[in-house]
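Now for the letters of each chain:
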Amino acid sequence: MNVAVQLEPHPGAVPSVRYRWDADTDILTARLEGDDEGTGGSGSVDLEGADGSWLILDVARGHISGVEVAVWPDVRKRPALEPPSEVEEGRLAVPSRPSSPGVAALEVETHLRAESDDAEAVIYFRVGSTRPARTVRLARDLLIELDPQQRIAGLWLLNVPPFPSTGPLP
């Protein structure tokens, strides 16, 4: 797993997150609101799990601007799931490749694991193998873990609204 990013300070207040469920497709989208500054490419970082799961990190103006859970991995439920208590704030720049400076598009095959609390309000995705990581708050309800090489190691979605049906997560 090798999605390297660059940690930068937020240019202003930490953005909020707007969640949206698509009941027909089971896609969960989390969009950062209020983080419109920056220059750089637009596109996506697609994380494909060996089980067919997909996480898509949306990139706008060179920075991660949202997350889509397009195809869910199996979700392991835990009675309680607490995000890390030590969290720094920042935003993540996705460097463009010299061959495509205006486009930040990358597709990576990796192992994805998902866990949620019983209420499904906290969802954690581990990206790749378990390794030491620090946690960065990209938005009020969106945390990303970075390993020592600044590669994405995990993703926390907090205060997720209920799925628009009575069924569990896909």
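Remember, predicted model here, so these are calculated numbers, not experimental data. (Residues numbered from 1 in each chain as written. Predicted model: local features only at pLDDT ≥ 70, side-chain atom pairs only at ≥ 80, totals over all residues. Heavy atoms only, no water.)

Some remarks on the overall build of the protein
The number of helices and strands found in the protein is zero helices and 15 strands. With 170 residues in all, the protein has 48% of them scored as buried. Within the protein, contacts between residues at least 6 apart in sequence are counted, and of these 64% link residues at least 24 apart. When the accessible surface of the protein is summed, it comes to about 8,200 Å², and 48% of that surface belongs to carbon and sulfur atoms. (Helix = DSSP H or I, 4+ residues; strand = E, 2+ residues; numbered from the N terminus. Buried < 20%, exposed > 50% of the residue type's maximum accessible area, 1.4 Å probe, protein only. Contact = heavy atoms within 4.5 Å. Areas by Shrake-Rupley, 256 points an atom, 1.4 Å probe, with all protein chains shown as cover.)

Notes on the sheet that holds strand β13 (residues 134-139)
Strand order in the open sheet made by the seven strands is β7-β11-β12-β15-β14-β13-β8, with mixed pairing throughout. The open sheet has two edge strands with one neighbour each: β7 (75-78) and β8 (87-89). For this sheet the average axis-to-axis angle between neighbouring strands, irrespective of direction, equals 25°. As paired strands, β8 and β13 are joined by three bridges and run parallel to one another. Looking at the pairing, E89 lines up with R137 of β13. (Pairing = 2+ DSSP bridges. Axes fitted to C-alpha atoms, helices over the stretch in contact; angles between N-to-C directions.)

What to know about the confidence of the model for the protein
Summing up the model confidence of the protein, the mean pLDDT is 86 and the portion of residues at 70 or higher is 86%. Here strand β10 (residues 103-110) stands out as the element of the protein with the lowest mean pLDDT, 74, in contrast to strand β14 (residues 142-146), whose mean of 96 is the highest. (pLDDT = per-residue confidence, 0-100.)

A word on the environment of E88
Tracing the chain through its elements places E88 in strand β8. Here E88 falls in the partly exposed class, since its relative accessible area comes to 31%. Ignoring anything within four residues of it in the chain, the contact list for E88 reads L7, R134, T135, V136 and R137.

Focus on the nonpolar core
Among the nonpolar cores identified, the biggest contains 36 residues, and L28, L47, F125, L142, I152 and L157 are the most heavily contacted of them. Apart from residues no more than four positions distant in its own chain, L28 is found in contact with Y19, R20, W21, V67, E68, V69, W72, I123, L157 and V160. Ranked by size, the runner-up nonpolar core spans six residues in total, among them L81, V122, L143 and L158. (Core = buried A, V, L, I, M, F, W, Y, C linked by side-chain atoms within 4.5 Å.)

Thoughts on the environment of L81
Residue placement: L81 occurs in the loop between β7 and β8. Sequence separation between L81 and A119 is 38 residues; the distance between their C-alpha atoms is 9.9 Å. Beyond its immediate stretch of four places on either side in the chain, L81 contacts E115, S116, D117, V122, Y124 and W156.

Structural notes on the packing of aromatic side chains
According to the stated counting rule, one finds four aromatic pairs in the structure shown. Ring geometry for W21 against W72: centres 5.8 Å apart, planes inclined by 15°, an arrangement best described as stacked. Separated by 51 residues along the polypeptide, W21 in strand β2 (residues 16-22) and W72 in the loop between β6 (63-71) and β7 bring together distant segments of the chain. Overall, the relative accessible area of 12% leaves W21 in the buried class. The buried category is assigned to W72, whose relative accessible area is 11%. With centroids separated by 4.8 Å and ring planes inclined at 85°, the aromatic side chains of W21 and F163 adopt a geometry described as edge-to-face. Separated by 142 residues along the polypeptide, W21 in strand β2 and F163 in the segment after β15 (152-157) bring together distant segments of the chain. Exposure class is identical for W21 and F163. Each is buried. (Phe/Tyr/Trp six-rings, centres within 6.5 Å; stacked < 30°, edge-to-face > 60°.)

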